[in-house]
Amino acid sequence: MAESPSAPTTSATTTGVEEAIPLEITDPTTVLIQRLDSWRHVVDLLHDYGEGHRVMYHNLSRDYERISKSVQEAPRFDSVETVPQNGDKPAREGISGGFFAIREKSEVLINASTEAEKTIKSTVIPHVDRLSHDIKEHIRGLKSNGFKGVKDVERARGLTHKQIELLGQHTSSFGVFSGKPDTLKDPYIIYRGVLCKLDSQIMKENIQTDTLLSIQRDFKTFESHIVGGIHQMFKLIDQTQNTFWDFQRECYGAITTAFTNIPQEFEWDQFVASNKHILADETAPKRSIDRVKFANQDHESTRSLIEGVIQRKSTMAFSKTYNSAYYVVTPSKFLHQFASKDYVQSPEPEFSIYLPDANIGAMYPKETGKNKFKITAKDALKTISTKHTFEFKTSTYDDLVKWWNVIHDVATSGSGTLSRKSTLTSPAATSTEGEPAQLGPESTSSPVEPTEDIPVAGTSLAQPAEAAAESARAPVEEPVSTSAESAYQTPASVVSDTAEPPAGAETGTDTETSKIVSDNQ
């Protein structure tokens, strides 16, 4: 039996159907950059804080007052307040709590030592500068990777949208106009183009999603690094301060505790909890083409009448080489050759024949062992093309019968388009005694039926008895062959009344029979 169409369909086991082009693009890049700006602001403030300590030790209370003012505009992180049971003031957690402690304790640190200035200058300030440099590099990398991926996805969706609109135009006019359609405007070909563009789009979307998830995971680690750096900074300040006046220990201990008690993942967890609607969902399944739907996805013009792998003889002179390829007969009455069944590797045909314009030769008789037939036609993909005789071969005789029946019926059904629901006729040539006639390769009717009833691409080939009888009573016309046509080819509408003798039979002096036997050998 012929292979069924390979178009992706929506499975009942899938999680849901997705639009080919979603309305929105998940892009938390901007909010993440804003968050990095906030962290950079934090580090800049801490840099001012450390620098202020250096100056503070030089100019005591005036500098402490300036430091206290420098942290008044700290960024508003997700603040969490804890109300102690003893009635004290509410305690703030996180970065906001740390800055609250700085503002509260800086008023106490008016009397500082000038001797500590050198220590602050050589340890705390360089550490904060490294954090600031790391944040700037992270922002630069995020702008480079995040926005580039969004633009790639937008371009890919634009190409998919144009291809789907093109499919809609040609499926809407399918079957309305008679005559030979443009090969590359065959809805089946445009449909394969949609799948190709859609596959590329989804690949870029998934790459962008992976990039965003990777960036978000990196953010978690990076923020841990920043908070850890803040830990280190305040520990250095604490160590410096502990060498001086005892009363400063309490102040700096409170500030240090406020920051070092922040879990390294605390701020990120708070951020994720309040921004779930913006950040990418790590539990969401990746997009798959099997769950995508688009307009005219199941239109009858996008389904083949028959498809599968057969062989075609090389057109080079004296060549006996047969090349395998994937062939499809479409309702638009084209026989397309593809390099592969995979629509990603081969979205467009390499070779096409418009069957109503072709001359379909008869099948070789079964007893010859040659599962072949010939078609004389032009390559429909070429603007200027001459007729050639192409020889096709199948692996079994039953496959030969199936392919020949479909191609013959399509070729003899006239120009225009063909519905897959149409009832085509493949009457077998019969002798005057009612037995199947053994026709030569020049005949255009199949003399032999398959050994079992085999449906052809889901299409009924039965013909009403009246039409078959009328066809049998019609006079037989002798074909007029030309030098450009193969000796085995005749127009599809002409049936030869010359039967080929079985293999090994005496040929006598009949010239045509001798030629057929010679070819069979």
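Residues numbered from 1 in each chain as written. Predicted model: local features only at pLDDT ≥ 70, side-chain atom pairs only at ≥ 80, totals over all residues. Heavy atoms only, no water.

(A) Broad picture of the overall build of the chain. Looking only at helices and strands, one finds nine helices and eleven strands in the chain. Looking at the chain alone, contacts between residues at least 24 apart form 75% of all its contacts between residues at least 6 apart. Only carbon and sulfur atoms are counted for the fraction: they give 50% of the accessible area of the chain, which is about 26300 Å². (Helix = DSSP H or I, 4+ residues; strand = E, 2+ residues; numbered from the N terminus. Contact = heavy atoms within 4.5 Å. Areas by Shrake-Rupley, 256 points an atom, 1.4 Å probe, with all protein chains shown as cover.)

(B) A look at the pairing of strand 10 (residues 372-377). A large share of strand 10 lies buried, amounting to six of its six residues. Burial along strand 10 is two-sided: K372, K374 and T376 facing one way and F373, I375 and A377 facing the other are all buried. Two strands pair when backbone bridges link them, and strand 9 (residues 359-360) and strand 10 are joined in this way by two bridges, in the antiparallel orientation. Bridge pairing links N359 to T376 in strand 10. Where strand 10 lies against strand 11 (residues 388-393), six bridges are found, and the strand directions are antiparallel. Looking across to strand 11, one finds that T376 is bridged to T389. (Buried < 20%, exposed > 50% of the residue type's maximum accessible area, 1.4 Å probe, protein only. Pairing = 2+ DSSP bridges.)

(C) Local environment of the packing of aromatic side chains. Within this structure, the stated rule accounts for eleven aromatic pairs. Between Y49 and F234 the ring centres are 5.6 Å apart and the planes differ by 35 degrees, which places this aromatic pair in the tilted class. Within this pair, whereas Y49 is found in helix 1 (residues 29-70), its partner F234 is found in helix 4 (residues 187-242), the two being separated by 185 residues in sequence. On the numbers, 4.5 Å between centres and 10 degrees between planes, the contact of F234 with F259 is stacked. In this pair, F234 is assigned in helix 4 and F259 in helix 5 (residues 246-260), connecting sequence segments 25 residues apart. A cation over a ring is seen here: R35 above F271, with NZ or CZ 4.3 Å from the ring centre. (Phe/Tyr/Trp six-rings, centres within 6.5 Å; stacked < 30°, edge-to-face > 60°. Lys NZ or Arg CZ within 6 Å of the ring centre and 35° of its normal.)

(D) Just unusual backbone geometry, in detail. Even without glycine at this site, N296 takes up a positive phi of about 65 degrees. Here N296 is to be found in the loop between strand 4 (292-293) and strand 5 (306-313). According to the relative accessible area criterion, N296 is partly exposed, its value standing at 28%. We note that K333 has phi near 75 degrees; this positive angle belongs to a residue other than glycine. Examined against the element boundaries, K333 turns out to sit in the loop between strand 6 (322-329) and strand 7 (334-338).

(E) Representation of the nonpolar core within the structure. By size, the foremost hydrophobic cluster in this structure holds 49 residues, and its most contacted members are W39, Y49, F99, F234 and F259. For this core, the secondary-structure elements that each account for two or more residues are helix 1, helix 2 (94-105), helix 3 (117-172), helix 4, helix 5 and helix 6 (266-274). Per-element accounting of this core gives the leading share, 14 residues, to helix 1. Residues within four places of F99 in sequence aside, it is in contact with V42, L45, L46, V71, A74 and F259. Core analysis: the next-biggest nonpolar cluster, separate from the first, contains 27 residues, F373, A377, L400 and A411 among them. (Core = buried A, V, L, I, M, F, W, Y, C linked by side-chain atoms within 4.5 Å.)

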